[in-house]
Amino acid sequence: MTSRRGIALAAIGLGVAAVSIQFTTSKHVHVSHVLLQILAVLMATAPVIRHFAVSRHRARTTIDWKRAARQRVGDEYYLFVLGSGGHTKEMLMMMDDGQASFAGIHRRYMVSRGDDMSLHHLEEFESRIGLEYDAAETGTYDVRTVTRARRVHQPLITTPFSALLSLCNIIFGVLLSSPSAGTQRYPTIIFSNGPANGLFVALAVHLLKMAHVIPEGKCAFVYIESWARISTLSLTGKLLHYTGMADGFAVQHQPVALRYGVTNVGPLVFNCRREV
Amino acid sequence: MEKHCLVTVGATVGFPDLTRAALEPVFWGHLASRGFTSLRIQCGPDSDWATSDLDSKMSQIPQELNVDVFKLSKNLMREEMTLCKPVEGKRGVGLIISHAGTGTILDAWKLAVPIIVVPNTSLLDDHQTELARHLSKEGYAIHSSTKLDHLKEAVDKIDMLREENQTRWPPHSLERGATEQPASIWNIEVVEAHKEEASQLAQG
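Below or above, wherever it landed, is the structure these notes cover. This is a predicted model, so every value here is computed, not measured. (Residues numbered from 1 in each chain as written. Chains lettered and ligands numbered in written order. Predicted model: local features only at pLDDT ≥ 70, side-chain atom pairs only at ≥ 80, totals over all residues. Heavy atoms only, no water.)

1. Section: the overall build of chain B
Of the regular secondary structure elements, chain B holds eight helices and seven strands. Put simply, chain B has 204 residues, and 52% of those count as buried. In chain B, the share of contacts with a sequence separation of at least 24, taken over all contacts with a separation of at least 6, comes to 69%. Surface summary for chain B: the accessible area is close to 9,900 Å², and the carbon and sulfur share equals 51%. (Helix = DSSP H or I, 4+ residues; strand = E, 2+ residues; numbered from the N terminus. Buried < 20%, exposed > 50% of the residue type's maximum accessible area, 1.4 Å probe, protein only. Contact = heavy atoms within 4.5 Å. Areas by Shrake-Rupley, 256 points an atom, 1.4 Å probe, with all protein chains shown as cover.)

2. Remarks on the pattern of salt bridges
All names here are of chain A. Counted by the stated rule, this structure contains 13 salt bridges over all chains. With a shortest N-O distance of 3.1 Å, Arg128 and Asp96 are connected by a salt bridge. Placement of Arg128 in helix H4 (residues 116-132) and of Asp96 in the loop between helix H3 (85-95) and strand S3 (105-112) is noted, with a sequence separation of 32 residues between them. Owing to a relative accessible area of 23%, Arg128 belongs among the partly exposed residues under this scheme. On the accessibility criterion, Asp96 (5% relative accessible area) is buried. In the salt-bridge network here, residues are joined through shared partners; they are Asp96, Arg128, Glu132 and Arg273. (Salt bridge = Lys/Arg side-chain N within 4 Å of Asp/Glu carboxyl O.)

3. Let's talk about the packing of helix H5 (residues 159-175) of chain A against helix H6 (residues 197-210) of chain A
When two helices pack together, their arrangement is given by the angle between their axes and by how far apart the axes lie. Residues and elements named next belong to chain A. Across the interface, H5 lies against H6 with an axial gap of 10 Å and an inter-helix angle of 65°. Viewed along their axes, H5 and H6 form a crossing whose handedness is right-handed. Residues Ala163, Ser166, Leu167, Ile170, Ile171 and Leu175 of H5 lie in contact with H6, whose contacting residues are Asn197, Phe200, Val201, Leu203, Ala204, Val205, Leu207 and Leu208. Here the contact of H5 with H6 is built from residues that sort into 12 nonpolar, two polar and no charged. (Axes fitted to C-alpha atoms, helices over the stretch in contact; angles between N-to-C directions. Left-handed = near helix turned anticlockwise from the far one by under 90°. Nonpolar A, V, L, I, M, F, W, Y, C, P; charged D, E, K, R; others polar.)

4. Brief notes about the side chain of His99 of chain B
Along the chain, the position of His99 of chain B falls in strand S4 (residues 95-99). The class for His99 of chain B is buried, based on a relative accessible area of 14%.

5. Topic: the interface of chain B and chain A
Counting residues at the interface gives 40 residues for chain B and 53 residues for chain A. Across the chain B to chain A interface the summed buried area is about 4,300 Å²; carbon plus sulfur atoms make up 57%. In terms of surface lost to chain A, no three residues of chain B exceed Ile185, Trp186 and Ile188 of chain B, which account for 21% of the buried area on that side. Inspection of the region where chain B meets chain A yields two salt bridges. For Lys89 of chain A, the salt bridge is made with Asp107 of chain B, and the minimal N-O distance between the two is 2.7 Å. (Buried area = accessible area lost by both parts, 1.4 Å probe.)

6. Looking at the side chain of Ser184 of chain B
Position of Ser184 of chain B among the secondary structure elements: in the loop between helix H7 (148-168) and strand S7 (189-192). Those residues in contact with Ser184 of chain B that sit more than four places away from it in its chain are Lys66, Asp97 and Asn271 of chain A.

7. What about the state of the cysteines?
In protein structure, a disulfide is the covalent linkage between the sulfur atoms of two cysteines. Scanning all chains against the criterion turns up zero disulfides over all chains. Cys168 of chain A carries a free sulfur, and the closest cysteine sulfur to it, the one in Cys219 of chain A, is 17 Å from it. Looking at the unpaired Cys5 of chain B, the closest cysteine sulfur is the one in Cys84 of chain B, lying at 6.9 Å. Look at Cys5 of chain B and you get buried, because its relative accessible area is 2%. (Disulfide = S-S within 2.5 Å.)

Now the structure itself:
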């Protein structure tokens, strides 16, 4: 894996060199110039080829929505992309299904800066796990905060900058920054259920796989459309569906599943334990 | 015996039509006649005019009913919705009347409190009506409009909803087969095609 990453970095370095040489020597046209141009073209096409390679791998990856509890082989590290109040509530309800044990599971929550509501809900959920399960069965968790791609009422002109900042936050602060020792380096599965920041995470994973940083077998992106979407996909859902950036894509109602030809997993939010 | 009714319009946009309906003395009379002892209205940005409206109608509140208006609650589920849960010998089954916000609907489901869902049809693309229709079809909620007649009728239907739900809840929605085990996000497995082929080759 290190050697492949080395090759990728070397290729980028060569590309930069090729372009700069082309600029400095453009007055004298000779054979080396032509060769350099060919090289530059190759450099430009490499990412495109890589994009299709990563996409093809994803197309061959399937998500098995197991109906029965499965045996865990080793440690797992799941990333949960939380969004505004409603999405967070749904995500936690899908998680709180009274399963027997969280042993060997690390849960990382990605929260947008200033989203205290999500922070509050996830802490309530985690403290409940701490209370209800034996110490050996709780697993571990951590929270990472990222800049919002676009705040409400933010002027459109500054959006590209904040979006880029948000993407960097996601790459370096969430995806590449591993939890404490003993857990896996990259998430096994990433869960998202509708907030727009899920799109950024999917994009970041795609780019990191293209650059050979994240191995293709890691960071499977699983999108579960919000329970509130009965017959149409949300904007985030549509974008993920049409770009094919998710490894797994599911909805919670039959009408929307039929309309887009996607998997219906039923209302997973009702897996939640009730306080009757 | 106490019996609470909570009306909630959500935190951000408000829902003047629902707030106005909940402040009608006719509606109060109906609730009182159905044994309710308390009506609390969470009305977000509408709270200023709603408060003064309530103040001007104090004399028309039925004797057995308490009516209160408030803007927001830090934790609506823990602080307000739990009042609608029955307590043996002290409190009867209450009622939540809500805009079609997902959060409130899911919280009501969690607490097993009957809910009347009133979609705010003035919102962009009116996605709330679809959700309300679906919920009433599935038997989770009663669908109503902000019209007083509809609301009164809906209040009369809640006992029916409760009975239906006791036989259906906690089992999952009709969309699933009776024997089929529901999927869980903790059981999801990622299957890579080339690995599967490789293991098949190894077995063969």
